Amino acid sequence: MRTLQVDLGERSYPIYIGGGLLGRAGEFFEQHGLAKKSPVLIVTDDHVAPLYLDTVTKSLSEQGYRVVSKVVKAGEKSKSLEVFEDVMTAAIEGGLDRHSAVVALGGGVVGDLAGFVAASYMRGVSFVQMPTTILAHDSSVGGKVAVNHRLAKNMIGAFHQPKMVLYDVDSLQTLPIREVRAGLSEMVKHGLIWNAAFADWCRQHTADLLALDPEALGYGLTQGCSIKAQVVSVDEREQGLRAILNLGHTLGHALEAIGGYGEFLHGEAISIGMAAAAKLAVNRGRDLSIYEETVSVLKGFGLPTAMPQQHDEHAIIAAMMHDKKFKEQQLVFVLPVEIGKVEIVADVTLDEVRRVIAELKE
Ligand code: NAD
Ligand code: MG
């Protein structure tokens, strides 16, 4: 087992990464002093529940925890205010009190949804992340929790750090390959924004990662979580540095929105977004190799890097204008300076974006 620490003063917490951890959930709860008298709510989805809910419930129950659970429908559409209310209902009916913990057992959707419930229930209760996707190495660390609005993603949310992240890499073996690829997109992102050597390691270990080799996965997830933890420790609430984590997200979020949160997986959308950001940087004078290398590593993972033909530029731009990153007719973009280093640029014009959309359609 590997252990990382997210340093946030009194809100600091550990990330445990290793095999067999879900079956030891009760042990970790006890070790972290989570209250036994108050019910624990496990939030999961209907793909994950049949696979891992019993394991976690059993482990917690054996340590003397009372467990209630809420299973939501799998998919991005569950990150909605309607489902949020359903989970709240489950929390109230389950008798959760101020000392209760809410557990997110699943991918980023469940993590963001359950986290926002934990942040809001009785103005905030304990939260534990048990990520079961590769993508969730990103979403489970850093305390951003949210649901989507029909018009824009992650519009309604909070900052609410977990008490711990329990990352059982064995659980990743059941992931569908499309989800594996999408999750690796965020792993590559962590290399591209922070550490060229790690980006290169991802490229060299593409086959091992796609084959879910435990050693490669353990290392890659630890590096990814570690980069995320370092960034968040410097800037918990996105006053500055943290925005670099949004590489690929300005355009990526727009693609997710126009696809109705169902057409593109988050990781796929940001893969296209990262290719677009690299092209935009090249159009602004950076070296062409940045774009070529970005596209090459993403394509290696079977990720999309071209703009979808079926959506026109107007729809994509309109969706970007609803984004939190749109201010005064200009867009904030994270742009690569070189592989492993990015800058935040606040003056990207709509014309520049139109040009990149056109270029990436060819
Ligand atoms: P997800 O939670 O929808 O999971 C992907 C799919 O895999 C789902 O169908 C799920 O049921 C299934 N699944 C999960 N674990 C499984 C397993 N072990 N075996 C088999 N199937 C499994 O999606 P995701 O890609 O994990 O997360 C995407 C979400 O994360 C997006 O909503 C995105 O906005 C959010 N996100 C949040 C942050 C943050 O900082 N809070 C960061 C990045 C992404
Ligand atoms: Mg993301």
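Residues numbered from 1 in each chain as written. Chains lettered and ligands numbered in written order. Predicted model: local features only at pLDDT ≥ 70, side-chain atom pairs only at ≥ 80, totals over all residues.

**Describing the site of ligand 1**
What counts here: Think of it this way: take the backbone, place a C-beta atom on it, and check whether that atom is within 6 Å of the molecule or strand, in which case the residue is near it. By the criteria applied, helices consist of DSSP H or I runs no shorter than four residues and strands consist of E runs no shorter than two, each listed in order from the N terminus. In this classification, Asp, Glu, Lys and Arg are treated as charged, Ala, Val, Leu, Ile, Met, Phe, Trp, Tyr, Cys and Pro as nonpolar, and every other residue, Gly included, as polar.
The local shell around ligand 1 holds 31 residues, among which His47, Gly107, Gly108, Val109 and Ser139 are the closest. Broken down by element, the residue count for the shell around ligand 1 peaks at 4 residues, all from helix 4 (residues 108–120). For the shell around ligand 1, the class distribution of residues is 10 nonpolar, 14 polar and 7 charged.

**Regarding helix 6 (residues 177–194)**
Selection criterion: Expected span of a helix: the number of residues minus one, times 1.5 Å. Exposure classes come from backbone-placed C-beta atoms, where a residue is buried if 20 or more other C-beta atoms lie within 10 Å of its own, exposed if 12 or fewer do, and partly exposed in between.
Between the first and last C-alpha of helix 6 there are 26 Å, a value that for 18 residues agrees with the 26 Å anticipated at 1.5 Å per step. Counting buried positions along helix 6 yields 15 of 18 residues, so the element is predominantly enclosed.

**Considerations on the environment of Ala199**
What counts, and what does not: Here contacts are defined at the residue level, using C-beta atoms placed from the backbone and a cut-off of 7 Å between them.
With respect to the secondary-structure elements, Ala199 resides in helix 7 (residues 196–204). The spacing of Ala199 and Phe159 is 40 residues in sequence and 28 Å in space, taken between C-alpha atoms. Residue contacts for Ala199: discarding those within four places in its chain leaves Val188, Gly191, Leu192, Val297, Ile339 and Gly340.

**Points about the UniProt feature "binding site: NAD(+)" (unreviewed entry) in the chain**
Here is the rule: UniProt positions are given in the numbering used here, feature names are shortened, and annotations may be inferred rather than shown by experiment.
Look at the UniProt record and you will see "binding site: NAD(+)" (unreviewed entry) annotated at Gly108, Val109, Val110, Gly111, Asp112, Thr132, Thr133, Lys144 and Lys153. Among residues more than four places away in sequence, those in contact with Val109 are Asp45, Gly75, Glu76, Ser78 and Lys79. Relative to the helices and strands, Gly111 resides in helix 4. Not counting the four nearest positions on each side in its chain, Gly111 is found in contact with Ala104, Gly106, Gln129, Pro131, Ala136, Ser139 and Ser140.

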